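# Architecture and fold: a report
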Amino acid sequence: MKYDVPSDDVKWAEDVLKKLNAKLSAECFRMKGVIPYIPQDGRYRDIDTGEGIYWWTNGFWSGMLWQMYYAAGDEGYRTLAEAVEERLDEALEGFEGLYHDVGFMWLHSSVANYRLTGNAVSRRRGLHAANILAGRYNPAGKFIRAWNGDRAGWIIIDCMMNIPLLYWASKETGDPRFAYIAQNHADTAIQTLVRPDGSCNHIAVLSPETGECLEIPGGQGYASGSSWSRGQAWAVYGYALSFRHTGRQRYLDTAKKIAHYVIANFAQHSWLPVVDFRAPHDPVKYDSTAAMIAACGLLEIAEYVGEYEKPLYMDAALKILRSCEKAFADWDSEHDGIIGKGTTAYHDGPATTEVPIIYADYFFTEAVLRLLGKDFLIW
Ligand code: GLY
């Protein structure tokens, strides 16, 4: 076992896994080949955002199915995961609708498939996606540009979770270029996005010619200078993963610095996730996705620290997971979606505020399986 989990928490995780299996079986039966995002009236609809097959969350359902396939061995999960991967070919071929989030999309589908089954077609799809991500690299500013259109100089903290696709591609091909790009991006993000107190900017606008920092917009948090909780969570997990893939101490130190800030802020809010740690206290708005991502990041850090440090990260992860499961989980198999109260961005409207979102369920599943030693590395 990777972790020394207290027996009461193991019991909780085992109980949750049983409920996960029951709920996901019911969802699989209803959904067949649907690619879910946010349920409406308790039901997932197929690819229901304006970006269609290019939407950045389209891989998470597949990732969840591969995790459950690995943990439970149920072929039904594998069949549905493979169906998502095939549908994503339309996005790979269409190309222009894709942006930096190709890591989320293909690590959770093709790379997961390849890692678990050795499927050569999946490997090729994963390498194709890695080349698309590497193609977004700006060598003058040493960063991977975010989104498309006139945002040539935008770097965002979320992309720390996409660069594991590049670490994988280097390992797979023996060509270090992909990993160099990933490390350069991680280093530039430390300079431009990670603040001295351990909080993070969501976005920095850099000069695409020189890399000079021109502006720090507010992004998906409350305002410029605030502290969007999901962004902080992406950073904790993203830097911990960069440490995993490179062994560079700087990345673990950065992950820990941001984690300490995140833990302090979660403790301040009864271990429940507000959308932004520096927003007005009224109204309280939650974003469960930040909590689930942060919990996985804290568990990742716990793998690399010594025995006297481990409990800090383990205890915080367990408090976050258990308090969110108690407050937000919907285990009724008649409703799609498990973890409620996810929010896409602080100022977004009611359709995407405090609702179940597919990636909250993915990271919750990964965290629970991690606690039981039944997860596999998707990143
Ligand atoms: N695009 C990543 C996020 O909304 O967190």
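This text gives an overview of the structure that appears in the document. (Residues numbered from 1 in each chain as written. Predicted model: local features only at pLDDT ≥ 70, side-chain atom pairs only at ≥ 80, totals over all residues. Heavy atoms only, no water.)

Evaluated as defined, the whole model comprises 1 cavity of 30 Å³ or more. Of the pockets and cavities examined, the largest cavity occupies roughly 60 Å³. Taken together, 15 residues make up the lining of the largest cavity; nearest its centre are Arg 195, His 202, Gly 218, Ala 223 and Ser 226. Among the residues forming the lining of the largest cavity, the class breakdown is 5 nonpolar, 8 polar and 2 charged. (1 Å grid on protein atoms, 1.4 Å probe; cavity = no way out; pocket = protein on both sides within 12 Å on 5 of 7 lines; lining within 4 Å. Points joined across faces, edges and corners; volume = space filled by probe spheres on them. Nonpolar A, V, L, I, M, F, W, Y, C, P; charged D, E, K, R; others polar.)

We now examine the packing of aromatic side chains. Per the counting criterion, the structure on display carries 29 aromatic pairs. The interplanar angle of 80 degrees and the centroid separation of 6.3 Å between the aromatic rings of Trp 56 and Trp 234 together place this pair among those described as edge-to-face. Here the residue Trp 56 occupies a position in the loop between α1 (7–31) and α2 (60–72), and Trp 234 occupies one in helix α8 (residues 229–246), the gap between them amounting to 178 residues. Geometrically, the ring pair formed by Phe 104 and Trp 234 is tilted, given 5.0 Å between the ring centres and 45 degrees between the ring planes. Of this pair, Phe 104 sits in helix α4 (residues 102–117) while Trp 234 sits in helix α8, and the two are 130 residues apart along the sequence. (Phe/Tyr/Trp six-rings, centres within 6.5 Å; stacked < 30°, edge-to-face > 60°. Helix = DSSP H or I, 4+ residues; strand = E, 2+ residues; numbered from the N terminus.)

For the rest of this paragraph, the subject is the site of the ligand. The ligand sits among Trp 56, Asp 101, Asp 158, Gln 220, Trp 228, Arg 230 and Trp 234. In this structure, an oxygen atom belonging to the ligand sits 2.9 Å away from a side-chain N or O atom of Gln 220. Note that an oxygen atom of the ligand is positioned 2.7 Å from one of the side-chain N or O atoms of Arg 230. Look at the ligand: alone it shows 200 Å² of surface, and the protein chains cover 94% of it. The pocket occupied by the ligand, as judged from atoms lying within 2 Å of grid points, is the largest pocket. When grouped by side-chain class, the residues that make up the shell around the ligand number 3 nonpolar, 1 polar and 3 charged. (Near = heavy atom within 4 Å. Polar contact = N/O pair within 3.5 Å; in protein donor to acceptor, adjacent residues only side chain to side chain. Areas by Shrake-Rupley, 256 points an atom, 1.4 Å probe, with all protein chains shown as cover. Sits in = over half its atoms within 2 Å of the grid points.)

In this structure the tally under the stated criterion is 0 disulfides. Not part of a disulfide, Cys 200 finds its nearest cysteine sulfur in Cys 213, a span of 14 Å. Judged by relative accessible area, Cys 200 falls into the buried class, the value being 1%. The thiol of Cys 296 is unpaired, and the distance to the nearest cysteine sulfur, on Cys 324, comes to 12 Å. By relative accessible area, which is 0% here, Cys 296 ends up buried. (Disulfide = S-S within 2.5 Å. Buried < 20%, exposed > 50% of the residue type's maximum accessible area, 1.4 Å probe, protein only.)

With respect to the helices and strands, Glu 172 occurs in helix α6 (residues 164–173). Put simply, Glu 172 and Arg 123 are 49 residues apart on the chain and 8.9 Å apart in space, counted from C-alpha to C-alpha. Setting aside anything within four residues of it in sequence, one finds Glu 172 in contact with Tyr 114, Arg 123 and Leu 127. For Glu 172, the side chain forms a polar contact with the side chain of Arg 123, separated by 2.9 Å. (Contact = heavy atoms within 4.5 Å.)

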